[in-house]
Amino acid sequence: MKTDKTFTLKNDQTGEEFTLPVLDGVEGPSVIDVRKLYAETGHFTFDPSYTSTASCKSRLTFIDGDKGILRHRGYTIEELTDNSTFLEVAYLLLEGDLPNKDQMKEFDHNITYHTLVHEQLHTFFRGFRRDAHPMAIMCGVVGGLAAFYHDSLDIWDPKQREISAHRLIAKIPTIAAMTMKYAMGQPFVYPRNDLTYAENFLHMCFALPAEPYKVSKTLSDAMDKILILHADHEQNASTSTVRLAGSSQANPFACISSGITSLWGPAHGGANQAVLAMLREIGSVDRIPEYIEKAKDKDDPFRLMGFGHRVYKNMDPRAGVLKASCDAVLDELGVTDPLLAVARELEKIALQDEYFVQRKLFPNVDFYSGIILKAMGFPEEMFTVLFAVGRTVGWVSQWKEMMEEQSLRIGRPRQLYTGPAKRDYVDIDKR
Ligand code: SDX
């Protein structure tokens with residue numbers, strides 16, 4: 001971390017020079033430590049969308065955007081999706097290492113035995129319209145968990161933090177499935193302790209009391225892989241929202257609800273639903289050139305949803321995994337989707353177009369995920385909810401890491417004030 005490397009900043013008006021320390025990470029860009037900049041220079045840094053700002057130290061996830069690398073605690077996303085399970089990745093993110101058999105058994109038990117929600121929550125749902133967007137319900141219900149679990153709200157008690165973490169990871173699929181059932185007017189399906197995390201989630205989404213429902217291995221394997229791919233992703237918008245909420249010492253349920261809120265935006269997790277809408281609007285391969293031109297037209301608000309990324313200037317490795325599994329999942333489900341052909345041709349044409357090449361705009365995690373989720377039978381409004389199910393593990397792990405820091409301080413950015421200078425009040429009859 002600390003080095004003897006420094007940067008010197010010179011005020012060209014006064015000739016004053018300021019020496020700023022440089023901190024090194026294990027890998028990735030080093031940082032210039034500007035924590036004393038204001039005190040020493042009377043100036044703030046200015047970085048409105050944080051393109052050059054490290055907001056924290058973290059040991060969870062490493063991304064190399066130029067090389068298209070994503071690793072969790074040192075393990076590549078490709079190795080984890082090939083060899084691990086979502087619950088094992090959850091343990092890895094939470095605890096820092098892959099679990100041994102006893103640790104995995106205990107963790108699996110702890111999560112499994114927290115999957116039920118308080119029965120009163122069922123009536124909580126009744127307050128929403130049936131046609132409410134499921135993300136609107138998720139924001140409300142997850143934040144409302146703080147009204148039910150008073151025994152794990154003390155954020156300074158490590159044991160209560162652990163119970164809240166387990167409750168959130170365990171209950172988020174139950175609540176997500178309830179939002180899907182509520183929209184369909186079907187009865188809620190209770191979790192089952194004899195199923196794996198992914199099997200249980202699919203069972204709660206698709207089972208009906210009228211007949212037995214057998215979870216297909218194809219679907220549960222695909223679901224587990226999709227959840228791994230969405231688990232964590234460094235300091236993205238929703239994770240940064242969770243950290244900022246947590247820095248005020250808000251309870252973990254409120255923090256995760258704030259993450260869900262931020263994820264909903266189409267520039268972020270809402271993109272997977274927007275990709276399907278875009279592909280359906282394009283409709284056929286012959287209309288792709290027209291939409292590529294729209295995406296390049298600065299006067300047209302249309303963007304290629306599922307393309308581009310703040311960090312990846314190469315293929316998002318998660319998109320690569322999803323693209324590879326698209327054919328397998330659709331073939332095994334016996335589903336053909338003409339939108340997949342449009343997606344593949346759109347990717348091919350865009351990646352040959354100078355506008356996209358020059359700006360290093362590649363498909364991101366959201367470009368192919370919607371096609372698989374649609375083939376699995378999920379309504380499009382549920383796509384971002386599924387993103388939230390996977391990402392809750394990352395949000396909770398990042399929150400836990402922040403709470404374990406010795407120096408938790410409230411996050412409080414400053415600004416460049418561009419409003420009116422001081423002026424006197426004028427009575428309304430003189431304006
Ligand atoms: C996620 O941060 C994370 O890690 C997020 C995420 C995670 O796991 O948490 O990876 C999940 O949110 C993935 C991104 C999902 N969003 C979309 O697919 C929406 C479409 N993408 C864009 O809105 C955009 O690419 C962003 C929001 C993803 C990134 O925006 P940036 O980094 O602010 O980039 P920008 O808007 O400054 O774009 C740079 C240039 C601009 O052109 P110029 O002004 O240089 O001429 O590229 C253009 C943009 O107009 N551009 C696009 C484009 N994305 C960027 N042009 C057309 N289509 C696009 N999709």
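Cut-offs and rules
Residues numbered from 1 in each chain as written. Predicted model: local features only at pLDDT ≥ 70, side-chain atom pairs only at ≥ 80, totals over all residues. Heavy atoms only, no water. Axes fitted to C-alpha atoms, helices over the stretch in contact; angles between N-to-C directions. Helix = DSSP H or I, 4+ residues; strand = E, 2+ residues; numbered from the N terminus. Parallel < 35°, antiparallel > 145°, perpendicular 65-115°, else oblique. Left-handed = near helix turned anticlockwise from the far one by under 90°. Contact = heavy atoms within 4.5 Å. Nonpolar A, V, L, I, M, F, W, Y, C, P; charged D, E, K, R; others polar. Pairing = 2+ DSSP bridges. Buried < 20%, exposed > 50% of the residue type's maximum accessible area, 1.4 Å probe, protein only. Near = heavy atom within 4 Å. Polar contact = N/O pair within 3.5 Å; in protein donor to acceptor, adjacent residues only side chain to side chain. Areas by Shrake-Rupley, 256 points an atom, 1.4 Å probe, with all protein chains shown as cover. Lys, Arg positive; Asp, Glu negative; His and termini not counted. Salt bridge = Lys/Arg side-chain N within 4 Å of Asp/Glu carboxyl O. Phe/Tyr/Trp six-rings, centres within 6.5 Å; stacked < 30°, edge-to-face > 60°. Lys NZ or Arg CZ within 6 Å of the ring centre and 35° of its normal. Core = buried A, V, L, I, M, F, W, Y, C linked by side-chain atoms within 4.5 Å. Expected span 1.5 Å × (residues − 1). Patch = residues over 30% accessible without salt bridge, like charges linked within 9 Å, V, L, I, M, F, W, Y side chains within 5 Å.

Colleague: Is there a simple way to think about the packing of helix α7 (residues 158-184) against helix α8 (residues 197-206) in this case?
Modeller: The description of two helices packed together rests on the angle between their axes and the distance between the axes. Direction vectors running N to C along α7 and α8 enclose 20°, while the axes themselves pass 8 Å from each other. Of the possible angle classes, the one that applies to α7 and α8 is roughly parallel. Along this stretch, α7 crosses α8, giving a crossing that reads as right-handed. Residues I169, I172, P173, T174, A176, A177, M180 and K181 of α7 pack against Y197, F201, M204, C205 and F206 of α8. The class makeup of the residues in the contact of α7 with α8 is 11 nonpolar, one polar and one charged.

Colleague: Honestly, the sheet that holds strand β2 (residues 17-23) in this entry has me stumped. Any pointers?
Modeller: Picture the strands of a sheet paired through backbone hydrogen bonds; they go either parallel or antiparallel. With antiparallel pairing, three strands are arranged side by side in an open sheet as β1-β2-β3. Where the open sheet ends on each side, the last strands, each with one partner, are β1 (2-10) and β3 (31-32). As paired elements, β2 and β3 share two bridges and run antiparallel to each other. When the sheet's bridge partners are listed, V22 is paired in β3 with I32.

Colleague: Quick question: what am I supposed to make of helix α6 (residues 134-144) here?
Modeller: The α-helix winds at 3.6 residues per turn, so residues separated by three or four positions along the chain end up facing the same way. Most of α6 is tucked away, with eight of its 11 residues classed as buried. For α6, every residue scored as buried is listed here: P134, M135, I137, M138, C139, V141, V142 and G144. Considering only its buried residues, α6 is in contact with α5 (120-126), α7, α11 (252-263) and α18 (383-403).

Colleague: Whenever I open this one, the site of the ligand confuses me. Can you help?
Modeller: By nearness alone, 24 residues border the ligand, and H233, H309, R310, R318 and R391 come closest of all. At 2.6 Å from an oxygen atom of the ligand is found a side-chain nitrogen or oxygen belonging to R318. Residue N364 places a side-chain N or O atom 3.0 Å away from an oxygen atom belonging to the ligand. Across the complex, the protein chains shield 76% of the 1,100 Å² of accessible surface that the ligand would expose by itself.

Colleague: When you look at the packing of α11 against α18 in this model, what are you seeing that I'm missing?
Modeller: It is the contact of α11 with α18, at a shortest axis distance of 10 Å, that shows an interaxial angle of 135°. Of the possible angle classes, the one that applies to α11 and α18 is oblique. Between α11 and α18 the crossing geometry is right-handed. Only T384, F387, A388, T392, W395, V396 and W399 of α18 make contact with α11, whose side of the interface consists of P252, C255, I256, G259, I260 and L263. Looking at the contact of α11 with α18, its residues break down into 10 nonpolar, three polar and no charged.

Colleague: Help me understand the pairing of β1 in this model?
Modeller: Residues in a regular strand point their side chains to alternate faces of the sheet. Bridge analysis of β1 against β2 gives six bridges, and the strand direction is antiparallel. Note that in β2 the partner of T6 across the bridge is P21. Between β1 and β2, which pair antiparallel one after the other, the connecting turn spans six residues, and G15 there sits at a positive phi close to 80°.

Colleague: Sorry, what's going on with the sheet that holds strand β4 (residues 61-64) here?
Modeller: Spatially, β4-β5-β6 is the arrangement adopted by the three strands of the open sheet, whose pairing is antiparallel. Two strands bound the open sheet, and with one partner strand each, they are β4 and β6 (75-76). Here two bridges tie strand β5 (residues 69-72) to β6, and the two strands are oriented antiparallel to one another. Bridged to H72 within β6 is Y75.

Colleague: Please explain the side chain of D47 as it appears in this structure.
Modeller: Within the fold, D47 resides in the loop between α1 (37-41) and β4. Although D47 is buried, it forms no salt bridge, and the closest oppositely charged side chain is R310 at an N-O distance of 6.9 Å. Sequence-distant contacts of D47, that is, excluding residues within four places in its chain, are made with S52 and T53.

Colleague: Hey, could you run me through the packing of aromatic side chains in this one?
Modeller: Enumeration according to the criterion identifies 15 aromatic pairs in this entry. Their ring planes at 65° and their centres at 5.4 Å tell us that Y291 and F302 sit as a pair that is edge-to-face. Linking Y291 in helix α13 (residues 288-296) with F302 in the loop between α13 and α14 (317-333), this pair joins segments that are 11 residues apart in sequence. Grouping residues by exposure puts Y291 and F302 together as buried. Each residue in the set F307, Y355, F356, F367 and Y368 is aromatic and connected to the rest through ring pairs, giving one cluster. Of note, R130 hangs over the ring of Y182, and the distance from its end group to the ring centre comes to 4.1 Å.

Colleague: Help me out: how do you make sense of the nonpolar core in this one?
Modeller: Grouped burial of nonpolar side chains is what soluble globular proteins tend to show. Of all hydrophobic cores here, the largest spans 119 residues; its most connected members are M223, I260, L304, M376 and F378. Tallying contributions element by element places α18 first for this core, with 12 residues. Setting aside anything within four residues of it in sequence, one finds I260 in contact with M135, M138, C139, V142, I172, A388 and W395.

Colleague: What's the story with the environment of I371 in this structure? I'm lost.
Modeller: Along the chain, I371 falls in helix α17 (residues 365-375). Given a relative accessible area of 0%, I371 falls into the buried group. Remark: the alpha-carbon pair of I371 and V329, spanning 42 residues in sequence, is separated by 10.0 Å. Once residues lying within four places of it in the same chain are set aside, the contact partners of I371 are L276, L279, C326, L330, D337, L339, L340 and A343.

Colleague: Got a minute to help me understand α11 in this structure?
Modeller: Taking 1.5 Å as the rise per residue, α11 with 12 residues should run 16 Å; its terminal C-alpha atoms sit 16 Å apart, in good agreement. With nine of 12 residues buried, α11 is to be regarded as a mostly interior element. Where α11 is buried, its residues meet α6, α7, α10 (237-247) and α18. Measuring from the side-chain oxygen of the N-cap residue of α11 to the backbone nitrogen of F253 gives 2.9 Å; that N-cap residue is N251.

Colleague: Sorry, what's going on with a nonpolar patch on the surface here?
Modeller: On the surface, a nonpolar cluster with roughly 240 Å² of combined accessible area is contributed by F7, I32 and V34. In this structure, V34 sits in the loop between β3 and α1.

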